[in-house]
Amino acid sequence: MSKDGTNRGGSRPGAGRKPKALAEKLASGNPGGRKLTTLDFACDADELQGAQMPPVKEYLKSKQKDGSVTCAEEIFKETWQWLRERKCGQLIPAQQIEQYAMSVARWIQCEEAVSEYGFLAKKPTGTVISSPYVTMGREYMKQANAAWYQIHQVVKEMLRRP
């Protein structure tokens, strides 16, 4: 520590090799030889039963400004059914599935707007710009992919278990 009270020098936080995941250590036979911390669940994966689908929230079924209904409810049900088929329905919080369903529904809504209005838009000054629906659609796609990766990671880890 220097005279002014600030820390200087030393190793940077986050520097160095990233630690291996527990699944990788187990797959490679624990080459380091250290005792690995694992959680032992009270029941076997074969004994797990899928939970009943929670009721679909109203905001997933709400009418839009133009009177249409988003397809978020349908996406929620399809995703929940997909998880139940893989016996992972009880492992994913319903809120996470709702987030995924709403992001996909909004992305579809933006794509429909691009199809209807085109890729270009006009400013009030008359200059041409790219459609804001393209940018919004890209952002909703990023959100949907991030939510899906979280859901799929749980399923992948569950199916990988011996």
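Residues numbered from 1 in each chain as written. Predicted model: local features only at pLDDT ≥ 70, side-chain atom pairs only at ≥ 80, totals over all residues. Heavy atoms only, no water.

Chemist: What should I look at first to understand the overall build of the protein chain in this one?
Modeler: Summing up its helical and strand segments, the protein chain has four helices and two strands in all. By the compact-globule yardstick of 15 Å for 162 residues, the protein chain is too spread out, its C-alpha radius of gyration being 23 Å. When each of the 162 residues of the protein chain is scored for burial, the buried share is 22%. In the protein chain, the share of contacts with a sequence separation of at least 24, taken over all contacts with a separation of at least 6, comes to 56%. Between the mean site of the 25 positive side-chain charges and the mean site of the 18 negative ones, the protein chain shows a separation of 11 Å. (Helix = DSSP H or I, 4+ residues; strand = E, 2+ residues; numbered from the N terminus. Rg over C-alpha atoms; globule rule 2.2 N^0.38 Å. Buried < 20%, exposed > 50% of the residue type's maximum accessible area, 1.4 Å probe, protein only. Contact = heavy atoms within 4.5 Å. Lys, Arg positive; Asp, Glu negative; His and termini not counted. Charge placed at Lys NZ, Arg CZ, Asp CG, Glu CD.)

Chemist: I keep staring at the pattern of salt bridges and nothing clicks. Help me out?
Modeler: A side chain with one charge may pair with a side chain of the opposite charge, provided their charged atoms come close. On inspection of all chains with the given rule, the structure shows four salt bridges. Measuring nitrogen to oxygen at the nearest pair gives 3.4 Å for the salt bridge that ties Glu85 to Arg86. With a shortest N-O distance of 3.5 Å, Glu139 and Lys142 are connected by a salt bridge. Of this pair, Glu139 and Lys142 are both found in helix H4 (residues 132-160), three residues apart, which corresponds to roughly one turn of the helix. (Salt bridge = Lys/Arg side-chain N within 4 Å of Asp/Glu carboxyl O.)

Chemist: I tried to follow the side chain of Glu98 on my own but got confused; where do I start?
Modeler: As for its position among the elements, Glu98 is in helix H3 (residues 94-117). Side-chain polar atoms of Glu98 contact the side chain of Tyr59, separated by 3.0 Å. The contacts of Glu98, once residues within four sequence positions are left out, are Lys57, Tyr59, Leu60 and Phe76. (Polar contact = N/O pair within 3.5 Å; in protein donor to acceptor, adjacent residues only side chain to side chain.)

Chemist: Help me understand unusual backbone geometry in this model?
Modeler: In terms of backbone geometry, most residues other than glycine have negative phi values and most peptide bonds are trans. Of note, Lys87 is a non-glycine position whose phi angle comes to about 60 degrees, a positive value. The topology assignment puts Lys87 in the loop between helix H2 (72-85) and H3.

Chemist: How do you make sense of a nonpolar patch on the surface when you look at a structure like this?
Modeler: A grouping of Phe119, Leu120 and Val128 is seen on the molecular surface, where their side chains present a nonpolar patch of about 350 Å² in accessible area. Relative to the elements of secondary structure, Leu120 occurs in strand E1 (residues 120-122). (Patch = residues over 30% accessible without salt bridge, like charges linked within 9 Å, V, L, I, M, F, W, Y side chains within 5 Å. Areas by Shrake-Rupley, 256 points an atom, 1.4 Å probe, with all protein chains shown as cover.)

Chemist: Help me understand the environment of Tyr149 in this model?
Modeler: Among the secondary structure elements, Tyr149 is positioned in helix H4. A residue is classified by how much of its surface remains accessible, and Tyr149, at 57% relative accessible area, is exposed. Here the alpha-carbon distance between Tyr149 and Tyr100, two residues 49 residues apart in the chain, equals 9.9 Å.

Chemist: Would you mind going over a positive patch on the surface with me for this structure?
Modeler: Residues Arg17, Lys20, Lys25 and Arg34 make up a contiguous surface patch of positive charge. Following the sequence through the fold, Arg34 ends up in the loop between helix H1 (22-27) and H2. Here Arg34 falls in the exposed class, since its relative accessible area comes to 70%.

Chemist: Just to check I follow, could you spell out the nonpolar core for this structure?
Modeler: Grouped burial of nonpolar side chains is what soluble globular proteins tend to show. Counting residues in hydrophobic clusters, the biggest one holds 20 residues, and the most contacted among them are Leu60, Ile75, Phe76, Leu83, Ile97 and Tyr100. Contributing elements (two or more residues each) for this core: H2, H3 and H4. No other element matches H3, which puts six residues into this core. (Core = buried A, V, L, I, M, F, W, Y, C linked by side-chain atoms within 4.5 Å.)

Chemist: Help me understand H4 in this model?
Modeler: For an α-helix, 3.6 residues make a turn, and residues three or four places apart therefore share a direction. The end-to-end C-alpha distance of H4 is 42 Å, a good match for the 42 Å that 29 residues give at a rise of 1.5 Å each. Residues of H4 that are buried: Gly137, Ala144, Ala147, Ile151, Val155 and Met158. The inward-facing, buried residues of H4 abut H2 and H3. (Expected span 1.5 Å × (residues − 1).)

Distances and angles like these do not, on their own, reveal function.
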